[in-house]
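# Fold and geometry: a report
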Amino acid sequence: MRQVANLFWPLRLCLVAVLSLGMILPAAAQTATPAPPSAAESPLSPPREVSDDEGAPETAAYPSDAQVEAVVASMSAADRVGQLFLVTFRGSETGFDSDIAELIYGYRVGGIIISPAKGNFSNEKGVDTPRQVASLINRLQALSYGVLLPEERALDPLPEEWPGGEDVVMEEMTNVPPLSLPLFVAVEQSGDNLPATMLRRGFTPLPSQMAIGATWNPELANQVGLIVGRELAAVGVNMLLGPNLDVRSAAAPDQVGRLGAHTFGGDPHWVGQMGRAYITGVHEGGERSVATIASNFPERATSIGCLSRRFPPYSAA
């Protein structure tokens, strides 16, 4: 089902790393107009396939520092700021006058968090949720490339020349060129159904993290991660808001209906080991196209003692 989302995924990861660490070019350099890279070294060119005979490392598909810096240098300050935001939106409309089109194309936001609570998709009986999600994500990604992709063609294979003659190109309507960088599309998928599993209808039912932790078996945590990564990548989701690496040493319900089971347990070492195995599984299952954002801030954990007890899981994972 993936179409647009993973065209330039390695570049996206490197670019966000540069922006989030504050590696913005000095003000003196902002006044200069960088020379565009040649077609042979364009940072937006799909990675070249490397044969085994060339002895290239596994990371050969990732862009060089120079390519990433060239992209950053070509962006305005507003573009760079927008890339740091992950936003939510209501509904599934992605037309020219929609709020999300303005956020993506006008404000250059770097990512979207999708949820059925926002009406982005449905898990109701009779709904093909995977197809619905994949269609939405392809349309969102197309907006980042300046194309209004109609819903009826959102799951069609991309032609060799894209956008094509029948595609509506937003630059022709606004005189503003697209940023042409893929979006992060994030979702929470913690298992144990509601309230922390957003993708349910048509997806594999997942155990809670507490149930996984109770097995004391990192291999099982890895297998669950594989399933999560594979299914998220299949519909175009490229960021998992999880897993939760809090350390729970006592029962502490967060709220009614949420029993604090979204953690691997109460021992920092084992939470770290299970978290590492789970995250590795997500990355492998998603073929390195799904990023993981471990949560929460360590102070939110309920373990007794100093903060040093709460940090090991984050370091291990």
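Up top is the structure these notes are about.
Right, let's walk through the structure included here. Since the structure is predicted, the reported quantities are computational estimates derived from the model, not experimental observations.

The subject of this paragraph is helix H9 (residues 218–234). Structurally, the α-helix is built with 3.6 residues per turn, so residues lying three or four positions apart point the same way. Taking 1.5 Å per residue as the helical rise, H9 with its 17 residues ought to reach 24 Å, and the 24 Å between its terminal C-alpha atoms agrees with that figure. On the buried face of H9, the contacting elements are strand S5 (184–187), helix H8 (209–213), strand S6 (239–240) and helix H10 (268–285). Where H9 starts, the residue carrying a side-chain oxygen 2.9 Å from the main-chain nitrogen of Glu219 turns out to be Asn217. One or two steps after H9, the chain reaches Gly236, where phi turns positive at roughly 100°.

Another aspect to go through is the packing of aromatic side chains. A complete count under the given rule lists three aromatic pairs for this structure. Ring centres of Tyr145 and Trp162 lie 6.1 Å apart, and the angle between their planes is 70°; this geometry places the pair in the edge-to-face category. Taken together, the positions of Tyr145 in the loop between helix H6 (129–144) and strand S3 (147–148) and Trp162 in the loop between S3 and strand S4 (168–169) put the pair 17 residues apart, joining distant regions of the chain. Note on Tyr145: relative accessible area 10%, which makes it buried. Relative to Trp270, the ring of Trp216 has its centre 5.4 Å away and its plane inclined at 80°; by these criteria the two rings are edge-to-face. Pair noted here: Trp216 is in the loop between H8 and H9 and Trp270 is in helix H10, with a separation of 54 residues, a long-range link. Assessed through its relative accessible area of 53%, Trp216 is described here as exposed.

Within soluble globular proteins, side chains that are nonpolar generally end up buried alongside one another. Ile112, Ile114 and Tyr278 are the most contacted members of the largest nonpolar core, which totals 43 residues. Taken together, the elements giving at least two residues each to this core come down to helix H5 (99–106), H6, S5, H9 and H10. A total of six residues in this core trace back to one element, the largest contributor, which is H6. Residues within four places of Ile112 in sequence aside, it is in contact with Leu86, Val87, Phe89, Ile100, Ile104, Leu140, Leu183, Phe184, Val185 and Ala186. Counting residues in each nonpolar core, the second largest holds six residues, with Ala142, Tyr145, Val147 and Ala154 among its members.

This part is about the side chain of Asn120. In this fold, Asn120 is placed in the loop between strand S2 (111–113) and H6. Among the polar contacts listed, one links the side chain of Asn120 to the backbone oxygen of Gly91, at a separation of 2.8 Å. Polar side-chain contacts of Asn120 include one of 2.9 Å to the backbone nitrogen of Ser115. With residues near it in sequence (within four places) discarded, Asn120 still touches Phe89, Arg90, Gly91, Ser92, Ile113, Ile114, Ser115 and Leu136.

Taken together, the side chains of Glu93, Asp97, Glu151, Glu152 and Asp156 make up a negatively charged region of the molecular surface. By the secondary structure assignment, Asp97 is in the loop between strand S1 (86–87) and H5.

This brings us to helix H3 (residues 65–73). Three or more residues of H3 are buried, namely Val68, Val71 and Val72. All buried residues of H3 fall inside an arc of 100° around its axis, so they share one side.

With that out of the way, let us pick up the pattern of salt bridges. According to the stated counting rule, one finds three salt bridges in the structure shown. For Asp79, the salt bridge is made with Arg108, and the minimal N-O distance between the two is 3.1 Å. Within this pair, whereas Asp79 is found in helix H4 (residues 77–83), its partner Arg108 is found in the loop between H5 and S2, the two being separated by 29 residues in sequence. On the basis of relative accessibility, which here comes to 11%, the residue Asp79 falls in the buried class. A salt bridge links Glu166 to Arg153; the shortest N-O distance between them is 3.7 Å. Of the two residues, Glu166 is situated in the loop between S3 and S4 and Arg153 in the loop between S3 and S4; the sequence distance between them amounts to 13 residues. Among the charged side chains, a network of salt bridges with common partners joins Arg153, Glu166 and Asp167.

This brings us to the sheet that holds S6. Sheet architecture is open: five strands sit in the order S1-S2-S5-S6-S7, paired in parallel fashion. Only two strands of the sheet have a single partner each, and these edge strands are S1 and strand S7 (291–292). In terms of strand pairing, S5 meets S6 through two bridges, oriented parallel. Bridge pairing links Val187 to Leu240 in S6.

On to a nonpolar patch on the surface, then. There is a patch of nonpolar side chains on the surface, built from Val81, Leu84 and Phe85 and spanning about 280 Å² of accessible area. Within the secondary structure, Leu84 is located in the loop between H4 and S1.

What counts as what
- Residues numbered from 1 in each chain as written.
- Predicted model: local features only at pLDDT ≥ 70, side-chain atom pairs only at ≥ 80, totals over all residues.
- Heavy atoms only, no water.
- Helix = DSSP H or I, 4+ residues; strand = E, 2+ residues; numbered from the N terminus.
- Expected span 1.5 Å × (residues − 1).
- Contact = heavy atoms within 4.5 Å.
- Polar contact = N/O pair within 3.5 Å; in protein donor to acceptor, adjacent residues only side chain to side chain.
- Phe/Tyr/Trp six-rings, centres within 6.5 Å; stacked < 30°, edge-to-face > 60°.
- Buried < 20%, exposed > 50% of the residue type's maximum accessible area, 1.4 Å probe, protein only.
- Core = buried A, V, L, I, M, F, W, Y, C linked by side-chain atoms within 4.5 Å.
- Patch = residues over 30% accessible without salt bridge, like charges linked within 9 Å, V, L, I, M, F, W, Y side chains within 5 Å.
- Areas by Shrake-Rupley, 256 points an atom, 1.4 Å probe, with all protein chains shown as cover.
- Salt bridge = Lys/Arg side-chain N within 4 Å of Asp/Glu carboxyl O.
- Lys, Arg positive; Asp, Glu negative; His and termini not counted.
- Charge placed at Lys NZ, Arg CZ, Asp CG, Glu CD.
- Arc of directions from axis to C-beta.
- Pairing = 2+ DSSP bridges.

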